[in-house]
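The lines below spell out each chain.
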Amino acid sequence: MPKISTGSGPDTANGSGPANGSPTTGGSAILGKLIGGQQLTGKKEKVPAYVTAETLNRLRNTVVALQKFDDDEAEVPVSLSSYVEDAILAALDRDEREYNEGRPFKQRRQRNLKSGPPVQR
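Sequence positions are assigned chain by chain, starting from 1 and proceeding in written order. Selection of residues for local features in this predicted model requires a pLDDT of at least 70, selection of side-chain atom pairs for listing and counting requires 80 or more, and totals for whole chains, interfaces and linings are taken over all residues. The side-chain numbers reported here are obtained from all heavy atoms of the structure, hydrogens and water having been left aside.

### Looking at the overall build of the protein chain
Looking only at helices and strands, one finds three helices and zero strands in the protein chain. Three labels apply to residues, based on accessible area from a 1.4 Å probe with only protein chains included: buried if under 20% of the type maximum, exposed if over 50%, partly exposed otherwise in between. Across the 121 residues of the protein chain, 26% fall into the buried class. Should any heavy atoms of two residues lie within 4.5 Å, those residues are considered in contact. For the protein chain, the share of sequence-separated contacts (at least 6 apart) that also reach a separation of at least 24 residues comes to 41%. What sets the accessible areas is the Shrake-Rupley method with a 1.4 Å probe; for residues, cover comes only from the shown protein chains. Carbon and sulfur atoms provide 51% of the accessible area of the protein chain, an area that totals close to 9300 Å². For the purposes of this entry, the term helix denotes a DSSP run of H or I that reaches at least four residues, the term strand denotes a run of E that reaches at least two, and both are numbered from the N terminus.

Pasting the structure below:
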């Protein structure tokens, strides 16, 4: 099971955040960049993503079940948002290690991700 924390993102002083070191929206520099965040301190935004009803139900069931664990050693999510943010950060860390020598990907030029049909390869 992935490590679950309280949803606090990585330190922006590690070079993953904006040049001035301020966190971005989304709770962490990486997530803020991912969702097109602006530099805001302490604010979070919704992630613009869709999941199937089955996935959302599994997510909710998992968070509620984990919160019932009576084990001081278990790292249980304090909220659904913290669980999702931790999962996103874990995926970002994995992809950066695998595809970008462990560094955050270059900041994209456009502010918002393009919407519409998936990009065809």
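### Looking at the environment of Asp95
If you trace the backbone, Asp95 turns up in helix H3 (residues 80-99). Excluding residues within four positions of it along the chain, Asp95 makes contact with Asn100 and Phe105.

### What about the side chain of Ser82?
One can find Ser82 in helix H3. Classification of Ser82 as buried rests on a relative accessible area of 4%. A distance of 3.5 Å separates the side chain of Ser82 from the backbone nitrogen of Val78, its partner in a polar contact. Polar contacts, as used here, are pairs of N or O atoms within 3.5 Å; protein pairs need one atom able to donate a hydrogen and one able to accept it. Residues neighboring in sequence count only if both atoms are side-chain atoms. Of the polar contacts made by the side chain of Ser82, one reaches the backbone oxygen of Ser79; its length is 3.0 Å.

### Digging into helix H2 (residues 53-67)
Here H2 contains 15 residues, and its C-alpha end-to-end distance of 21 Å stays within 8% of the 21 Å for a straight helix at 1.5 Å per residue. Of the residues making up H2, those classed as buried are Leu59, Val63 and Leu66. Angular distribution of buried residues about the axis of H2 spans 75 degrees; they occupy a single face of the element. Those residues of H2 that are exposed and angled more than 90 degrees off the buried face are Ala53, Glu54 and Arg58. Residues of H2 that are buried in the fold lie against H3. Helix span, as expected, comes to 1.5 Å for every residue beyond the first. Directions drawn from the helix axis to the C-beta atoms are what define this arc.

### Considerations on H3
Helix length check: H3 (20 residues) gives 28 Å between terminal C-alpha atoms against 28 Å at 1.5 Å per residue, within 8%. For H3, the complete set of buried residues consists of Ser82, Tyr83, Glu85, Asp86, Ile88, Leu89, Leu92 and Glu96. In the stretch just after H3, Glu101 is the one whose phi turns positive, near 55 degrees.

### Here we look at the pattern of salt bridges
Salt bridge, as used here, is a side-chain nitrogen of Lys or Arg placed within 4 Å of a carboxyl oxygen of Asp or Glu. Inspection of the entire model under this criterion finds three salt bridges. With a closest N to O distance of 3.1 Å, Arg94 and Asp95 form a salt bridge. Residue class for Arg94 comes out partly exposed when judged on its relative accessible area of 42%. For Asp95, a relative accessible area of 25% puts it in the partly exposed group. For Glu101, the salt bridge is made with Arg103, and the minimal N-O distance between the two is 2.9 Å.

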